[in-house]
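# Observations on the three-dimensional arrangement
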Amino acid sequence: METKYIPEPFRIKMVETIKILSREERIKKIKDANYNLFNLRAEDVYIDLLTDSGTNAMSSKQWAGVMEGDEAYAGAKSYFKLLEAGKDIFGYEFIQPVHQGRAAEKVLFPLLMGPGKIAISNMFFDTTRAHVEIAGARAVDCVVPEAKDPSKRAPFKGNMDTERLEKLIEEHGPENIALIVMTITNNSAGGQPVSMANLKKVYEIGKKYGITVNIDAARFAENAYFIKKREEAYADKSIKEIVSEIFSYADSFTMSAKKDAIVNMGGLIGIKDDAELYQKVKGNTISFEGFVTYGGLSGRDLESLSIGLYEGIDEDYLNYRIGQMEYFAAKLDSAGIAYQAPVGGHGLFIDAAALLPHIDYREFPGQALAIQLYIEAGIRTCDIGSYMLGNDPDTGKQLKSDFEFTRFAIPRRVYTQSHIDIMVDSLIKIKEMANEVPGYKIIWEPPILRHFQAYLEPIE
Ligand SMILES: *Cc1c(COP(=O)(O)O)cnc(C)c1O
């Protein structure tokens, strides 16, 4: 069952040199970084898979756009170009640029919710959850159960559990549910897609109870591609048509443009038709981000973003993009290495608990694998497991995560087939020496979001 690598639908015009340190040097670097991959210098990393956010390669057209960018404070040409692209692709009347995804959340969410209210999502991304809580509301996840079983292959593991959604609404009372958030693709479940049927159903539930639906749209294009491939009725539709239908099943969206819009910085808010809400969005944007027509971005960013939105929905590009992930996944299948399956859009989430069964969750298998990948191959990944989850705020005891993943987030248009082969070979090598991979203990940690800063030590 060999999956072929889909050749890149681009050629390389500019290169960035990367160096690989020796194994001895890497052992020293990671020790000096207190076994925290966030503390490494990027130049000491050979293949950097920490995130796919803002780490993508822009095209020659986007770089040309950088030179074309209009830096006027108000009414820049680049702003109007972005509005046109946004309206054309999403079909919404109002589009507001902001500097990144969390800024969109910061601007919009306080206008939709407050203390005592609840927001329900298929799964909240961490900054999205944070902004629900900053607005005084509570965030509840309601993903389908199969999302939590890495070995169970289902086409749309990112879906909202709609039965449970209705139960939650009835339980808390529709008047207390401020917002439904559909995260596409479902990042926290491993970049798993959401089906059109599910989006439609959730929107109907929203309508039935009078609850607004917002799409957290960071990976909208990858999600549309999965719908085309996996949902029969959409096989012959264009990605643009599918995107347009997706967004018809919501009232607003917040978007990090650092993912599928293939830029290094940027974000968007979309409002379908609520002029009053848009007025308030403009007010918050001016307070938090900058004047309405630049929203915390340079004119050149607006320009490259409006081009990137179209490149992100190009079918040849998406075919290659998802094909690259499928190639990676097929190689892991042959090697008997478990991951959140089937593979999602932007990353491969290795089941570190299965690969390193001798390491208890309290000794962080996901982090142990990430450290070993750096030592063996200079690859930087990150833990999505108990290490990231942290301690129970009441008891101070280590929480046990549903998963112990090590995430390979793949930047767009950056790495080639041979880089993917190195990733696979390194995993196979570690699988063969699994017994020798140590668990880790934390020797210092800050009170919140500890994984960014904590110091660790291998357990002898
Ligand atoms: C990245 C991301 C965000 C936040 O966007 P930033 O640009 O990092 O601020 C929100 N939601 C999802 C699903 C994301 O992937």
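The present account deals with the structure reproduced in this document. On a predicted model such as this, the values are computed, not experimentally measured, just so you know.

## Remarks on the packing of aromatic side chains
Applying the stated criterion across every chain, the model contains 21 aromatic pairs. Here Tyr 73 and Phe 291 contribute two aromatic rings whose centre-to-centre distance is 6.0 Å and whose plane-to-plane angle is 25°, an arrangement assigned as stacked. Here Phe 291 lies in the loop between α10 (275-288) and α11 (299-312) and Tyr 73 lies in the loop between α2 (60-68) and α3 (77-90), a separation of 218 residues in the sequence. Ring centres of Tyr 73 and Tyr 294 lie 5.1 Å apart, and the angle between their planes is 65°; on these two criteria the pair is classed as edge-to-face. Remark: Tyr 294 occurs in the loop between α10 and α11 and Tyr 73 occurs in the loop between α2 and α3; sequence separation between them is 221 residues.

## Side note on the site of the ligand
The ligand sits among 15 residues. The nearest are Gln 100, Arg 102, Asp 216, Ser 256 and Lys 259. At a separation of 3.0 Å, an oxygen atom of the ligand approaches a polar side-chain atom of Asn 187. Here Arg 219 contributes a side-chain N or O atom positioned 2.9 Å from an oxygen atom of the ligand. Relative to its unbound accessible surface of 380 Å², the ligand loses 98% to contact with the protein. When residues of the shell around the ligand are assigned to their parent elements, the largest contribution, 3 residues, is made by helix α4 (residues 101-112). In terms of residue class, the shell around the ligand is made up of 2 nonpolar, 7 polar and 6 charged.

## Re a negative patch on the surface
Negative charge collects at one region of the surface, where Glu 93, Asp 273, Asp 274 and Glu 276 lie side by side. With respect to the helices, strands and loops of the structure, Asp 274 is situated in the loop between β8 (267-271) and α10. Look at Asp 274 and you get partly exposed, because its relative accessible area is 38%.

## Considering the pairing of strand β7 (residues 252-256)
Across the 5 residues that make up β7, a large majority, 5, are buried. Pairing analysis gives 3 bridges linking strand β6 (residues 212-216) to β7, with the strands arranged parallel. For Asn 214, the partnering residue across the bridge sits in β7 and is Ser 252. One ladder, built from 5 bridges, connects β7 with β8; its direction is antiparallel. Looking at β8, one finds that Thr 254 is bridged to Ile 269.

## Points about the pattern of salt bridges
For the coordinates displayed, the defined rule picks out 25 salt bridges. For Glu 222, the salt bridge is made with Arg 412, and the minimal N-O distance between the two is 3.2 Å. You can see Glu 222 sitting in helix α8 (residues 220-230) and its partner Arg 412 sitting in the loop between β12 (405-409) and α16 (417-432), a full 190 residues away along the chain. A residue is classified by how much of its surface remains accessible, and Glu 222, at 0% relative accessible area, is buried. One salt bridge in this structure joins Lys 429 and Glu 376, with 3.0 Å as the shortest N-O distance. Of the two residues, Lys 429 is situated in helix α16 and Glu 376 in helix α14 (residues 365-377); the sequence distance between them amounts to 53 residues. In the salt-bridge network here, residues are joined through shared partners; they are Asp 52, Arg 219, Glu 222, Asp 260, Arg 321 and Arg 412.

Definitions and limits used
Residues numbered from 1 in each chain as written. Predicted model: local features only at pLDDT ≥ 70, side-chain atom pairs only at ≥ 80, totals over all residues. Heavy atoms only, no water. Phe/Tyr/Trp six-rings, centres within 6.5 Å; stacked < 30°, edge-to-face > 60°. Helix = DSSP H or I, 4+ residues; strand = E, 2+ residues; numbered from the N terminus. Near = heavy atom within 4 Å. Polar contact = N/O pair within 3.5 Å; in protein donor to acceptor, adjacent residues only side chain to side chain. Areas by Shrake-Rupley, 256 points an atom, 1.4 Å probe, with all protein chains shown as cover. Nonpolar A, V, L, I, M, F, W, Y, C, P; charged D, E, K, R; others polar. Patch = residues over 30% accessible without salt bridge, like charges linked within 9 Å, V, L, I, M, F, W, Y side chains within 5 Å. Salt bridge = Lys/Arg side-chain N within 4 Å of Asp/Glu carboxyl O. Lys, Arg positive; Asp, Glu negative; His and termini not counted. Charge placed at Lys NZ, Arg CZ, Asp CG, Glu CD. Buried < 20%, exposed > 50% of the residue type's maximum accessible area, 1.4 Å probe, protein only. Pairing = 2+ DSSP bridges.

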